[in-house]
Amino acid sequence: MTHIDAGAELDPVHPVPLPASRRSEGLSAAEVAERVARGEVNDVPVRSSRSMGEIVRANVFTRFNAIIGVLWLVMLFVAPFQDSLFGYVIIANTGIGIIQEWRAKKTLDSLAVIGEAKPTVRRDGVAAEVSTSEIVLGDLIEIGPGDKIVVDGTCAEADGLEIDESLLTGEADPVVKHPGDQVMSGSFVVAGGGAFTAAKVGREAYAAQLAEEASRFTLVHSELRTGISTILKYVTWMMIPTAIGLVISQLVVKQHGLKDSIARTVGGIVPMVPEGLVLLTSVAFAIGVIRLGRKQCLVQELPAIEGLARVDTVCLDKTGTLTEGGMDVTELRPLQGTDESYIRRVLGALGESDPRPNASLQAIIAAYPDSEEWRCTESLPFSSARKYSGASFSEGNGESSTWLLGAPDVLLPAGDPALAETERLNEAGLRVLLLARATKDLDAPEVKKGARPTALVVLEQRLRPDAADTLNYFAEQEVKAKVISGDNAVSVGAVAGKLGLTGSVVDARHLPDEREEMAKSLDKGTVFGRVTPRQKRDMVGALQSRGHTVAMTGDGVNDVLALKDADIGVSMGSGSEATRAVAQIVLLNNSFSTLPSVVAEGRRVIGNITRVATLFLVKTVYSVLLAILVVCWQVEYPFLPRHLTLLSTLTIGVPAFFLALTPNKERAKPHFVRRVMRYSIPGGVIAGLATFVTYLLARHYYTGEGSLDAETSAATLTLFLISMWVLAIIARPYTWWRICLVAAMGGAFLLVLMVPGLQHFFALKLVGTTMPWIAVGVSVVAAAALEFLWKWVARRFPA
């Protein structure tokens, strides 16, 4: 709170006068130029993504690329070109990954610039918005509710200034700041206003490194990525001893020519590596970012796409989410016979007393012009914790008065007659503020006690036209919506009812403090009013304690703590800078209707990656099993690298790319590893056993020169047919294009078998008719076993 002298100088930016002793013009243009020349600039690079160099390194220098790269170099020296094709495929896949992530980087960077808030800096006595990177040491930066402190500094002006430092210190209670107090970057204003002088800029600022790290392109805390890493870790451990056994078997036991033995050894090792799975996941995420970017949705952390798809409870802040920011005064109801013209003057003066009015006060300012005779002598900014604001005035006729404006049920004692009228208005979905004349000084601890109700100000909120459809979407997707608001519970319930949201309405002041009991109440209720900022945070934690995956939407500074603690925080682009800083997803177009697109994109990514991961891991399982069987039976490995390159391309690589990018509305389910492996292991075992049986039968059937090539061709036919059946199962439910995709892959393999040049290139030629038909018969039996086993697994081990 600030006392204002009658002769104070007027601030050119805000209508509220500041004391002459506390007035500052800020730096001059010459001083700014001097500091820029000295390098005293806030030059911390705020990045929304990895640099191009990091993208290239992350996609090229991987564990599996190293394995494949070494084997590729070996094959270039000991085998024909076609046995080295797998290396070129890796180069192409890695290139695709780099290009897609680079496109995602461009999207993220451009959206980050659009969504970047610009601090207000006072220079030469004039306030203007500048980029964060343009702030220099000594700049005077103006702040108000919702503004984030971007650099460290010293408070120069304060008007009821309260700053939340919880993101830095963990202390949830706001800290009242006075001139001379330190302010820290990373904190944000919750009430009041003022200005501070930048004392530390750039990398010296307290939160600079934390902010830079938090804004990076990241894939951490993702069940999908963690699950894939777990799978790859086990694959690596299986692959090493199997590969060693295969090397010994092919080089020592069989004593074939060195080059042929090396080629078949490499042919056994390469397909064990599911290198495309990691790449495809990155590509799917990157394309998701690009798609959402086109809809003006900034994904600040990539796992948010996946996380929102797993959400089963979404907590919605009413203001700015279900309703538009603006309001209109629809009625003024004087109480106790107060003169209406006098009330209008009071409201006009109150509107002018706040340099940063909220939506309610903006509506009052629009409806009631300021009276020039009135002068503000003291002010109390609005706080979401208090739920009222106030000001003291000199009325110009020698009279002085102190007024409070806020929630009727907070300012009035229970049973007051004005509350009954307020309740009726709230039931109609209207917002009601009480204007009360205080009998105590504004800085008194119990200023509201004894205040005399003077008028009810009735406001109507503008509903978002897209809110009802979005709520219906969540209901259809079995995602529970909880409306959490600081407004009156009945009023919030009426707004929710207009949007078709049904359920019980709860006044949060009556919620139990104990987490378990609160969680029970939250499960039963739908609309919660009079929720304090700390309660919002507690409510998110209570829902999470019962196993719910919670998303929180909001745009106000009172939503920051809850947004930070929620599994997924969603902020409106027009929201405060603090909410945008902690949210994983920012809706730059301020459209609540974008959320279904984010959910759909997440479900597409998760569902499709789960689907194609089975394809990749079936290959890994049958490759490891074939290598073990070859070592145990002491026979030549049946395939050359070119054979498995052909099979992998037609049954995994090309189909997986298309399947990973298709629409998928299936709700995301947990336990990714278990869901993938329960199909991959039986599928891989059946494919490996059936292929080896055909290979052994062919070894007994074919004799003489060229028999190994014939045996390989028969085994390749069996493995291709079984892999195609796995693909056919994974592609379900069928659509015309999925049927065409499977048919095209089968047609491509048939083309290889029929064209002499391709036969020679891939060393595939079916000899006779008996063994090829036996291979087909084995494949049919294996396919039937696969169908039976997968259905049994689905029943026995449900996801």
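Residues numbered from 1 in each chain as written. Predicted model: local features only at pLDDT ≥ 70, side-chain atom pairs only at ≥ 80, totals over all residues. Heavy atoms only, no water.

A few points about the pattern of salt bridges
Point 1. Across all of its chains, the model carries 22 salt bridges by this definition.
Point 2. The salt bridge involving D409 is made with R530; its shortest N-O contact spans 2.8 Å. Here D409, found in helix α13 (residues 408–411), pairs with R530, found in the loop between β18 (525–529) and α18 (533–545); they are 121 residues apart in sequence, far enough to count as distant. An identical accessibility class is assigned to D409 and R530; each is buried. (Salt bridge = Lys/Arg side-chain N within 4 Å of Asp/Glu carboxyl O. Helix = DSSP H or I, 4+ residues; strand = E, 2+ residues; numbered from the N terminus. Buried < 20%, exposed > 50% of the residue type's maximum accessible area, 1.4 Å probe, protein only.)

Some thoughts on helix α10 (residues 303–310)
Point 1. Taking burial as the measure, the 8 residues of α10 include 8 buried ones, the bulk of the element.
Point 2. All of the buried residues along α10 are P303, A304, I305, E306, G307, L308, A309 and R310.

Considering the packing of helix α22 (residues 641–659) against helix α25 (residues 736–754)
Point 1. As a packed pair, α22 and α25 sit with axes 10 Å apart at the nearest point and diverge in direction by 160°. Judged by the angle between their axes, α22 and α25 are roughly antiparallel. The hand of the α22/α25 crossing is right-handed. Residues L646, L647, L650, V654, P655, F658 and L659 of α22 form the contact with α25, whose own contacting residues are W737, R738, L741, M745, A748, F749 and V752.
Point 2. Its residues assigned to classes, the contact of α22 with α25 shows 13 nonpolar, no polar and 1 charged. (Axes fitted to C-alpha atoms, helices over the stretch in contact; angles between N-to-C directions. Parallel < 35°, antiparallel > 145°, perpendicular 65-115°, else oblique. Left-handed = near helix turned anticlockwise from the far one by under 90°. Contact = heavy atoms within 4.5 Å. Nonpolar A, V, L, I, M, F, W, Y, C, P; charged D, E, K, R; others polar.)

A few points about the state of the cysteines
Point 1. According to the stated counting rule, one finds 0 disulfides in the structure shown.
Point 2. Of the cysteine sulfurs around C297, a residue in no disulfide, the closest is that of C315, at 19 Å.
Point 3. Overall, the relative accessible area of 1% leaves C297 in the buried class. (Disulfide = S-S within 2.5 Å.)

Examining a nonpolar patch on the surface
Point 1. A surface patch of nonpolar side chains, amounting to about 550 Å² of accessible area, comprises M52, V56, V60, F61, I99 and W102.
Point 2. At the level of secondary structure, the elements contributing two or more residues to the nonpolar patch comprise α2 (52–60) and α4 (85–115).
Point 3. It is α2 that provides the largest number of residues to the nonpolar patch, a total of 3 residues.
Point 4. Its location among the elements puts V56 in helix α2. (Patch = residues over 30% accessible without salt bridge, like charges linked within 9 Å, V, L, I, M, F, W, Y side chains within 5 Å. Areas by Shrake-Rupley, 256 points an atom, 1.4 Å probe, with all protein chains shown as cover.)

The values are spatial; any link to function lies outside them.
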